[in-house]
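# Survey of secondary and tertiary structure
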Amino acid sequence: MKRLARELCAAMMRIRLGGGGRGHQMTRWQLLQGDVLVGELSEYGCDQPFFLARFTPGPGWESVRPSFEALATYRGPDPDGLRFVALAKPLQDLGLTLAPVDGQQTPLQLFKDCMVRIYGAEARLRY
């Protein structure tokens, strides 16, 4: 099963990289709250079902950092999903979006079109 997941991830990256992947970069995203740059995510790989990205904070990061840090602590059993909802809802209420830097994809609304978890300089993105 792990081998299949690795092969699927490699195939997805080849598609996203435009074929063989040489000379192309993964998607770069701006994390925005309205017009305020919260940070930038630069995809570099995948760990199915997530894309892995480097995170660089922007001017709006400090105002949302506590909510992302709270979500980063989410682990363990949560049979009814209530703990996750309690941690994700404050982020959803911030109206954050991910906008591709190259403008070739539609911006994504967090926790509606995609999910982002940020751990320091690393991020995991699912969309």
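Owing to the predicted nature of the structure, the values given are computational and were not obtained by experimental measurement. (Residues numbered from 1 in each chain as written. Predicted model: local features only at pLDDT ≥ 70, side-chain atom pairs only at ≥ 80, totals over all residues. Heavy atoms only, no water.)

Moving on, we come to the environment of V36. With respect to the helices and strands, V36 occurs in strand β2 (residues 36-47). Note on V36: relative accessible area 41%, which makes it partly exposed. As a C-alpha pair, V36 and L96 span 60 residues in sequence and 9.7 Å in three-dimensional space. (Helix = DSSP H or I, 4+ residues; strand = E, 2+ residues; numbered from the N terminus. Buried < 20%, exposed > 50% of the residue type's maximum accessible area, 1.4 Å probe, protein only.)

This next bit is on the environment of L41. Topologically, L41 is positioned in strand β2. Between the C-alpha atoms of L41 and L98, which are 57 residues apart in sequence, the distance is 8.9 Å. The residues contacting L41, other than those within four sequence positions of it, are T27, R28, W29, L31, A53, R54, F55, L98, V116 and A123. (Contact = heavy atoms within 4.5 Å.)

Below, the discussion takes up the pairing of strand β7 (residues 122-126). Of the two faces of β7, the one holding A123 and L125 is buried and the one holding E122, R124 and R126 is not buried anywhere. Of the pairings in the sheet, the one linking strand β3 (residues 50-57) to β7 comprises 4 bridges and is antiparallel in character. Bridge pairing links F51 to L125 in β7. The pairing of strand β6 (residues 115-119) with β7 spans 5 bridges and is antiparallel. Looking at β7, one finds that M115 is bridged to R126. Joining the antiparallel neighbours β6 and β7 is a turn of 2 residues, in which G120 adopts a positive phi near 65°. (Pairing = 2+ DSSP bridges.)

To continue, consider the pattern of salt bridges. If you walk through the whole model with that rule in mind, you get 6 salt bridges. Between R28 and E40 there is a salt bridge; the shortest N-O distance is 3.0 Å. Note that R28 is positioned in strand β1 (residues 28-33) and E40 in strand β2, a separation of 12 residues in sequence. Of the charged contacts in the structure, one is a salt bridge between R65 and E69, with a shortest N-O distance of 2.9 Å. Of this pair, R65 and E69 are both found in helix α2 (residues 61-72), 4 residues apart, which corresponds to roughly one turn of the helix. With relative accessibility at 27%, the residue R65 sits in the partly exposed group. With relative accessibility at 42%, the residue E69 sits in the partly exposed group. Here the salt bridges do not stand alone but share partners, grouping E62, R65 and E69 into one network. (Salt bridge = Lys/Arg side-chain N within 4 Å of Asp/Glu carboxyl O.)

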